[in-house]
Amino acid sequence: MSTDYQFQGWLGQDKDSIGNLKWGTFEPKPWEETDVDIKITHCGICGSDLHTLRSGWGPTIYPCIVGHEIVGTAVRVGSEVKHIKVGDRVGVGAQSDSCLNRTGKCNDCSNGRENQCLRKGRCDTYNGVYLNGGKSYGGYADYNRAPGHFVIKIPDGIRNEEAAPMLCGGITVYAPLKDNGCGPGKRVGIIGVGGLGHFGVLFAKALGADKVVGISRRNSKRDDVLKIGADEYIATEDEKDWAQKHAASLDLIVCTVSSPKMPLQDYMGLLDTNGKLIQVGAPEEALPPVRAFDLIMKGRSLGGSCIGPPWQIQEMLDFAAEKKIKPWIEKRPLSEVNKAVLDMDKGLARYRYVLVNEKHV
């Protein structure tokens, strides 16, 4: 099948690319009949984009196009893709392949945990290499090509600009909340109420938690967080003796903070007996130390979570549509991506920037 469109986007050329992306042409992965081409209308800006552009988590494969909260219209659908048709509104999150369809697939892929696949065959939506040798390029672009298994249909009731930040930011907190029993009877804390954390408050409340507590450094976000739906708010730098005052008051905490200097030991102290803290923020340096007795004496657990598999992303989107969950977003023109990325790096987003491809909306 021939196409009448070009793959062009905002390319990062080196570790100084934040605010210095250059428009250019790129070569998508070689076409396979399991693939879908997407005409991109919207793409969220994620903190992962910044880490990758500056090679913060490890060497980036330059040139690189970031953006893994991609939403648009399917314009080419491979013959082996059965759940998507041309014209559908679709999206792709942070992962776009795994060993699922390969001989000898891993235990995780066999059990619906494709997001935890670490074998040959896994490929992230950008800064990766597919088994057929093609590089993966993200959504700061006009078009994206991705394996169909990781292409999600956007349900009615969610606009493209709302769906985009859910595909990484949303699932990153929805998965640990759902997987760890968030619901009636649970007291839940969300640490770091930014792009990820505001989704945590929205989803925890919609899942029916008895109490939802937003936790951030300063009081400046208090009104916003309570408006989003939190029952309480803790400002760790503005509230005296917060750790003692709120000790043992939560059953589940999701921590979105990506700082090696966060007071992790005090955060653990907020957990009641058998409570869990799930880390989803990924600092470029090591996490602060935790003492064994912080875990042992009250049976507390420290764990982690990484995005979610395609079936759970679809579940999240359907749930968001049902509950009419609306993220707090600010739309920014794709043509002004460099300014938007710099603003994101300064922490100015309230609470998620979404790039709008003016040519496709």
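Within an unreviewed UniProt entry, the label attached to the protein reads alcohol dehydrogenase (NADP(+)), and the organism entered is Byssochlamys spectabilis. One UniProt comment on the protein, placed under Subunit (unreviewed entry), says "Homodimer." Listed in UniProt under the heading Cofactor (unreviewed entry), the comment for the protein reads: "Zn(2+)".

Scanning the protein from terminus to terminus reveals 10 helices and 17 strands. Overall, the protein is about 65 × 45 × 40 Å in size when its C-alpha atoms are taken along their principal axes. Every one of the 361 residues in the protein was classed for burial, and the buried ones make up 57%. The long-range fraction of contacts in the protein, counting pairs at least 24 apart against all pairs at least 6 apart in sequence, stands at 70%. Carbon and sulfur atoms make up 49% of the accessible area of the protein, which totals about 15100 Å².

The next point concerns the environment of Gly 139. When you line up the elements, Gly 139 lands in the loop between β7 (123–124) and β8 (143–147). With a relative accessible area of 2%, Gly 139 lands in the buried category. Once residues lying within four places of it in the same chain are set aside, the contact partners of Gly 139 are Ile 40, Cys 43, Ile 65, Val 66, Gly 67 and Ile 70.

Annotation of the protein at the domain level lists domain 1 (8–168 + 308–356) and domain 2 (169–304). Every contact between the two is made by 24 residues of domain 1 and, on the other side, 25 residues of domain 2. Buried area between domain 1 and domain 2, both sides added, is near 2000 Å², and the carbon and sulfur share of it is 64%. Applying the counting rule to domain 1 against domain 2 returns 2 salt bridges. Its salt-bridge partner being Lys 178, residue Glu 315 comes within 3.1 Å of it at the nearest N-O pair. Connecting domain 1 to domain 2 are 17 residue pairs in polar contact (both at pLDDT 80 or more). Breaking the side of domain 1 that touches domain 2 down by element, the ones donating at least two residues are α3 (160–179) and α9 (310–323). For the side of domain 1 that touches domain 2, the leading source of residues is α9, giving 7 residues.

The next thing to look at is the pattern of salt bridges. Counted under the stated rule, the structure contains 29 salt bridges. Two residues, Arg 145 and Asp 37, come together in a salt bridge whose shortest N-O distance is 2.7 Å. One end of the pair, Arg 145, is in strand β8; the other, Asp 37, is in strand β3 (residues 35–44), with 108 residues separating them in the sequence. Neither residue differs from the other here; Arg 145 and Asp 37 are each classed as buried. The residue Lys 245 makes a salt bridge to Glu 239 at a minimum N-O spacing of 3.8 Å. If you follow the salt bridges from partner to partner, you end up with Arg 159, Glu 161, Glu 162, Lys 326 and Lys 331 in one network.

A few words now on the side chain of Arg 332. Here Arg 332 lies in strand β16 (residues 329–333). Contacts of Arg 332, omitting those with residues within four sequence positions, involve Lys 339, Ala 340, Asp 343, Tyr 353, Val 354, Leu 355 and Val 356.

This part takes up the packing of aromatic side chains. Scanning the entire structure with this criterion turns up 12 aromatic pairs. Ring centres of Phe 7 and Phe 26 lie 5.8 Å apart, and the angle between their planes is 75°; on these two criteria the pair is classed as edge-to-face. Residue Phe 7 is located in the segment before β1 (8–11), and its partner Phe 26 is located in the loop between β2 (22–25) and β3; the two are separated by 19 residues in the primary sequence. Like Phe 7, the residue Phe 26 is buried in the burial classification. Here Phe 199 and Phe 203 contribute two aromatic rings whose centre-to-centre distance is 6.0 Å and whose plane-to-plane angle is 15°, an arrangement assigned as stacked. Of the two residues, Phe 199 and Phe 203 are both situated in helix α4 (residues 197–206); the distance of 4 residues between them amounts to about one turn of the helix. Residues Phe 199 and Phe 203 agree in their burial class; the two are buried. Three or more aromatic residues link up through ring pairs in this structure, and these residues are Tyr 5, Phe 7, Phe 26, Tyr 137 and Tyr 143. Sitting above the plane of the Tyr 353 ring, Arg 332 keeps its charged end 4.8 Å from the centroid.

Quick notes on the rules
- Residues numbered from 1 in each chain as written.
- Predicted model: local features only at pLDDT ≥ 70, side-chain atom pairs only at ≥ 80, totals over all residues.
- Heavy atoms only, no water.
- UniProt positions renumbered as here; feature names shortened; annotations may be inferred.
- Helix = DSSP H or I, 4+ residues; strand = E, 2+ residues; numbered from the N terminus.
- Buried < 20%, exposed > 50% of the residue type's maximum accessible area, 1.4 Å probe, protein only.
- Contact = heavy atoms within 4.5 Å.
- Areas by Shrake-Rupley, 256 points an atom, 1.4 Å probe, with all protein chains shown as cover.
- Domains from an automatic or database assignment.
- Buried area = accessible area lost by both parts, 1.4 Å probe.
- Salt bridge = Lys/Arg side-chain N within 4 Å of Asp/Glu carboxyl O.
- Polar contact = N/O pair within 3.5 Å; in protein donor to acceptor, adjacent residues only side chain to side chain.
- Phe/Tyr/Trp six-rings, centres within 6.5 Å; stacked < 30°, edge-to-face > 60°.
- Lys NZ or Arg CZ within 6 Å of the ring centre and 35° of its normal.

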